[in-house]
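Below, each chain spelled out in residue letters.
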Amino acid sequence: MGVSLPEGLGFPYDFREGQEEALRFIAMNAGWRNVCLNAPTGFGKTVVILSALLPRRAPIIWAVRTGNEADRPVEELKLFNERCGCNFFGFSFRGKRDMCLLAREMEVRDPDAVSYLCRVKKGKGECRYYENLKWFDTEPMAEKPLIYAEVMEACSREEVCPYYAQQRLLPLADLVALSYNYIVNEEMSWTIRSRLPFERCFLVVDEAHNL
Ligand code: SF4
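Residues numbered from 1 in each chain as written. Predicted model: local features only at pLDDT ≥ 70, side-chain atom pairs only at ≥ 80, totals over all residues. Heavy atoms only, no water.

### Quick notes on the site of the ligand
- Around the ligand, the structure places Lys96, Cys100, Leu101, Leu102, Cys118, Cys127, Tyr129, Tyr130, Cys161 and Tyr164.
- Structurally, the ligand is housed in the largest cavity.
- Elements represented by at least two residues in the shell around the ligand include exactly α5 (101-106) and α7 (128-133). (Near = heavy atom within 4 Å. 1 Å grid on protein atoms, 1.4 Å probe; cavity = no way out; pocket = protein on both sides within 12 Å on 5 of 7 lines; lining within 4 Å. Sits in = over half its atoms within 2 Å of the grid points. Helix = DSSP H or I, 4+ residues; strand = E, 2+ residues; numbered from the N terminus.)

Listed below in structure tokens is the structure:
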């Protein structure tokens, strides 16, 4: 018996050994209990989890060890959309140090210095990227999944702040990939929770043994 998915959705590849069982188990249990999937590298865990959870139409928060790893589930979402004819939106959420265009311009790299720079410049209305964002419509950015470089490219082109633009994208997302810190650190998690309440989301913790 195949896994029951809403019309128009499915698994984007031929099932490999164990994938169908894993997909069915996750689809049946996620949301009612915590599910732990232990499978070897190359099993295709990411696509199995996406295929099980996306039909549920609740946002997926995908926590990874470092921000650099956040693009992987987004890349898989792109393939899922392509192969299943869907238009789910997702993106990699990154910190200010990686996203601040003003800090790049001024060659400020230290995370604390970037935060300070932002607080001061934004507060005084002296960051043109933040000011431009006030008139910028972020919604068209949510037409297709975006990896980190694509968020940066779109925002650089429009001269708007990528860090605050991505905050606006949170309520539109079916998938948000971010570092563990945004889940476990109370202060940092507020940035996400205030726009995407955790109780409405599925939380996927990638490589959970690292926690
Ligand atoms: S508003 Fe954005 S671009 Fe401006 S200083 Fe803050 S993070 Fe940097």
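What follows continues from the structure just given.
### A short note on the sheet that holds strand β3 (residues 175-179)
- With parallel pairing, four strands are arranged side by side in an open sheet as β2-β3-β1-β4. The open sheet has two edge strands with one neighbour each: β2 (90-92) and β4 (202-205). Strand-to-strand twist in this sheet, taken as the mean axis angle between neighbours without regard to direction, amounts to 20°.
- In this sheet, β3 lies alongside β2 in parallel orientation, the contact comprising three bridges. Along β3, the bridge assignment pairs Phe91 with Val176. (Pairing = 2+ DSSP bridges. Axes fitted to C-alpha atoms, helices over the stretch in contact; angles between N-to-C directions.)

### What to know about the packing of helix α2 (residues 45-53) against helix α3 (residues 71-84)
- Running from N to C, α2 and α3 cross one another at 60°; their axes reach a closest spacing of 10 Å. Taken together, the axes of α2 and α3 are oblique relative to one another. Where α2 crosses over α3, the two elements pack in a sense that is right-handed. Each of Thr46, Val47, Leu50 and Ser51 in α2 lies in contact with α3, whose residues at this interface are Arg72, Pro73, Glu76, Leu77 and Phe80. (Parallel < 35°, antiparallel > 145°, perpendicular 65-115°, else oblique. Left-handed = near helix turned anticlockwise from the far one by under 90°. Contact = heavy atoms within 4.5 Å.)

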